[in-house]
Amino acid sequence: MKLIIDLNKIQGNAKKEWLICTLKLMSIDFHTSTKPQTLDEYNQDIEAGNIEIEKENFVTATNLKKEADKW
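What counts, and where the lines are drawn
- Residues numbered from 1 in each chain as written.
- Predicted model: local features only at pLDDT ≥ 70, side-chain atom pairs only at ≥ 80, totals over all residues.
- Heavy atoms only, no water.
- Helix = DSSP H or I, 4+ residues; strand = E, 2+ residues; numbered from the N terminus.
- Rg over C-alpha atoms; globule rule 2.2 N^0.38 Å.
- Buried < 20%, exposed > 50% of the residue type's maximum accessible area, 1.4 Å probe, protein only.
- Contact = heavy atoms within 4.5 Å.
- Areas by Shrake-Rupley, 256 points an atom, 1.4 Å probe, with all protein chains shown as cover.
- Salt bridge = Lys/Arg side-chain N within 4 Å of Asp/Glu carboxyl O.
- Lys, Arg positive; Asp, Glu negative; His and termini not counted.
- Expected span 1.5 Å × (residues − 1).

(A) View of the overall build of the protein chain. Along its length, the protein chain carries 3 helices and 2 strands. What you see in the protein chain, going N to C, is helices and strands ordered as β-α-β-α-α. The C-alpha radius of gyration computed for the protein chain amounts to 14 Å, which surpasses the reference 11 Å derived for 71 residues by more than 25%, pointing to a less compact arrangement than a globule. Principal axes of the C-alpha set define a box for the protein chain whose edges measure 35 × 35 × 15 Å. Taking all 71 residues of the protein chain together, 13% fall into the buried category. At a minimum sequence separation of 6, the contacts of the protein chain that also span at least 24 residues come to 67%. As displayed, the protein chain offers around 6300 Å² of accessible surface, 55% of which is attributable to carbon and sulfur atoms.

So this is what it looks like as structure tokens:
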């Protein structure tokens, strides 16, 4: 069985990243279906990411693994 995820239907980059990281952490094989980003979309994502980092609003891989161990 294959899991196919259409990332275009998921609202918000944080949700997309969380889903992908979680699937990778759990070693679940998946494929994504998405359209290429425009340069403007790419730059907006970079800026949004920088803002989140400045606010210290992120989860480290170590903390994610600790949290996953509680599941």
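Following the structure, the description resumes.
(B) A look at the side chain of T22. Structurally, T22 can be placed in helix α1 (residues 13-25). Given a relative accessible area of 8%, T22 falls into the buried group.

(C) The pattern of salt bridges, seen in detail. Under the defined criterion, the tally for this structure stands at 1 salt bridge. Its salt-bridge partner being K70, residue E67 comes within 3.9 Å of it at the nearest N-O pair. Overall, the relative accessible area of 65% leaves K70 in the exposed class.

(D) Layout of unusual backbone geometry. Residues other than glycine seldom take positive phi values, yet S27 does so here, at roughly 55°. Locating S27 in the fold gives a position in the loop between α1 and β2 (30-33). Despite not being glycine, E56 has its phi angle at roughly 55°, a positive value. Structurally, the position occupied by E56 is in the loop between α2 (39-54) and α3 (61-69).

(E) Structural view of the side chain of K16. Its place among the elements puts K16 in helix α1. Although buried, K16 forms no salt bridge, and the nearest oppositely charged side chain, D45, lies 6.9 Å from it. In contact with K16, not counting residues within four places along its chain, are L7 and I10.

(F) The arrangement of α2 in detail. The end-to-end C-alpha separation of α2 is 23 Å, in line with the 22 Å expected for 16 residues at 1.5 Å each. Directly beyond the C-terminal end of α2, a positive phi value near 55° is found at E56.

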